Amino acid sequence: MSNTPHPGHSDGADVVERIERNWAIVAVGLIVVLVAMVVYTGLHWTMMPPSRVETIDPTTLHVTGEFIESNLGTAREADGSVTVRVVAQQYSFTPQCILVPAGTPLTFRVTSADVVHGFLVTDTNINSMVEPGYISTFKTKFDKPAEHLMPCHEYCGTGHEAMWANVKAIDRAEFDKLAATDRRLSCVK
Ligand code: CUA
């Protein structure tokens, strides 16, 4: 056994205090960075929290109002804007294939008939929760014609992993041609 002197009690306390202070600065710094990220992404609409403004009765969705089956899909409104209405339910979306014009501002209106589902379109920043009783609304645009997958990304029951749909963005002129004859569009075969 060697006889090297141990640091005194007060020295040890100083070291601990210095290390704790340094880690506290790191922790506070992390929180500041994360809050700044949330504010930045929120302001720039790159992150879209679900809107909880409009409510709807999930028990009468299929019988009356905006989300009856014949009103679902993509619609060219009277003012020229394009709205996509979708209902999520265990374990599918209606319509199962969403048809949209590329290069056109779109408004999505989505609600759930039963439990909380997720609404996410691959290769885009569309990402929202879909809650029964609320209409999730978000505005977006598809830059070019392409096909996207739309998996439910909120655990909603035993069939969750099989719950997904497709989104097909097509040429704007082609869409307008279809919209002239059909009031509600989808690419369901
Ligand atoms: Cu619907 Cu998971």
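Cut-off values and rules
- Residues numbered from 1 in each chain as written.
- Predicted model: local features only at pLDDT ≥ 70, side-chain atom pairs only at ≥ 80, totals over all residues.
- Heavy atoms only, no water.
- Helix = DSSP H or I, 4+ residues; strand = E, 2+ residues; numbered from the N terminus.
- Buried < 20%, exposed > 50% of the residue type's maximum accessible area, 1.4 Å probe, protein only.
- Contact = heavy atoms within 4.5 Å.
- Areas by Shrake-Rupley, 256 points an atom, 1.4 Å probe, with all protein chains shown as cover.
- Core = buried A, V, L, I, M, F, W, Y, C linked by side-chain atoms within 4.5 Å.
- Pairing = 2+ DSSP bridges.
- Disulfide = S-S within 2.5 Å.
- Salt bridge = Lys/Arg side-chain N within 4 Å of Asp/Glu carboxyl O.
- Patch = residues over 30% accessible without salt bridge, like charges linked within 9 Å, V, L, I, M, F, W, Y side chains within 5 Å.
- Axes fitted to C-alpha atoms, helices over the stretch in contact; angles between N-to-C directions.

Asks: Describe the overall build of the chain, and please don't skip the residues or the numbers.
Replies: Counting its secondary structure elements, the chain contains two helices and ten strands. Taken from the N to the C terminus, the helices and strands of the chain come in the order α-β-β-β-β-β-β-β-β-β-β-α. Expressed as a percentage of the 189 residues in the chain, the buried residues total 34%. Of the contacts formed within the chain by residues at least 6 apart in sequence, a portion of 64% connects residues at least 24 apart. Approximately 11,500 Å² of the chain is accessible, and the part contributed by carbon and sulfur atoms is 61%.

Asks: Which residues make up the nonpolar core, and what are the values?
Replies: The biggest cluster of nonpolar side chains holds 30 residues, and the ones touching the most others in it are F93, I98, V100, F108, F119, F142 and M150. Those elements that place two or more of their residues in this core are β2 (82-89), β4 (97-101), β5 (106-112) and β10 (164-170). F108 has contacts with V84, I98, F119, I126, S136, T137, F138, T140 and F142, leaving out every residue within four places of it along the chain. Core analysis: the second largest hydrophobic core is formed by five residues, L61, F67, L72 and I135 among them.

Asks: Account for the pairing of strand β6 (residues 117-120), naming residues and giving values.
Replies: Both β6 and strand β7 (residues 127-130) contribute to a ladder of four bridges, which runs antiparallel. When the bridges of β7 are listed, F119 appears paired with S128. Following β6, the chain reverses through six residues before pairing antiparallel with β7; D123 in that reversal takes a positive phi of roughly 65°.

Asks: Can you lay out the state of the cysteines for me, pointing to particular residues and giving the numbers?
Replies: A full pass over the atoms with the stated rule returns one disulfide. C97 shares a disulfide with C187; S-S distance 1.9 Å. Across the disulfide from C97 to C187, rotation about the S-S bond amounts to roughly -85°, and the bridge is consequently left-handed. Here the residue C97 occupies a position in strand β4, and C187 occupies one in the segment after α2 (172-181), the gap between them amounting to 90 residues.

Asks: Any details on the pairing of strand β8 (residues 136-140)? Residues and values, ideally.
Replies: Across the two faces of β8 the burial differs, with S136, F138 and T140 buried and T137 and K139 not buried at all. Pairing geometry for β5 and β8, over five bridges, is antiparallel. Counterpart to T107 in the pairing with β8 is K139.

Asks: Could you give an account of the pattern of salt bridges, naming the residues involved and the relevant values?
Replies: The final tally for this structure, using the stated rule, is six salt bridges. Ionic pairing is found between R85 and E77, a salt bridge with its closest N-O pair at 3.1 Å. Note on R85: relative accessible area 9%, which makes it buried. A relative accessible area of 22% means that E77 is categorised as partly exposed. Three or more residues joined by partner-sharing salt bridges are found here, namely E54, E66, E77, R85 and R109.

Asks: Explain a nonpolar patch on the surface to me, and be specific about the residues and the numbers.
Replies: Taken together, the side chains of V15, I19, W23, V26 and L30 define a hydrophobic patch exposed on the protein surface, amounting to about 490 Å² of accessible area. Inspection of the secondary structure puts L30 in helix α1 (residues 9-43). For L30, a relative accessible area of 52% corresponds to the exposed category.

Asks: Requested: an account of the sheet that holds strand β9 (residues 146-151), with residues and values cited.
Replies: In space, the three strands of this open sheet follow the order β4-β10-β9, with mixed pairing throughout. The strands lining the two open edges of the sheet, one partner per strand, are β4 and β9. Between one strand axis and the next, the sheet turns by 20° as a mean value, whatever way the strands run. Where β4 and β10 come together, five bridges link them in parallel fashion.

Asks: Outline the environment of L185, supporting the account with residue identities and numerical values.
Replies: Relative to the elements of secondary structure, L185 occurs in the segment after α2. The exposure class assigned to L185 is buried, which follows from its relative accessible area of 5%. Among residues more than four places away in sequence, those in contact with L185 are G73, T74, L99, F175, L178 and A179.

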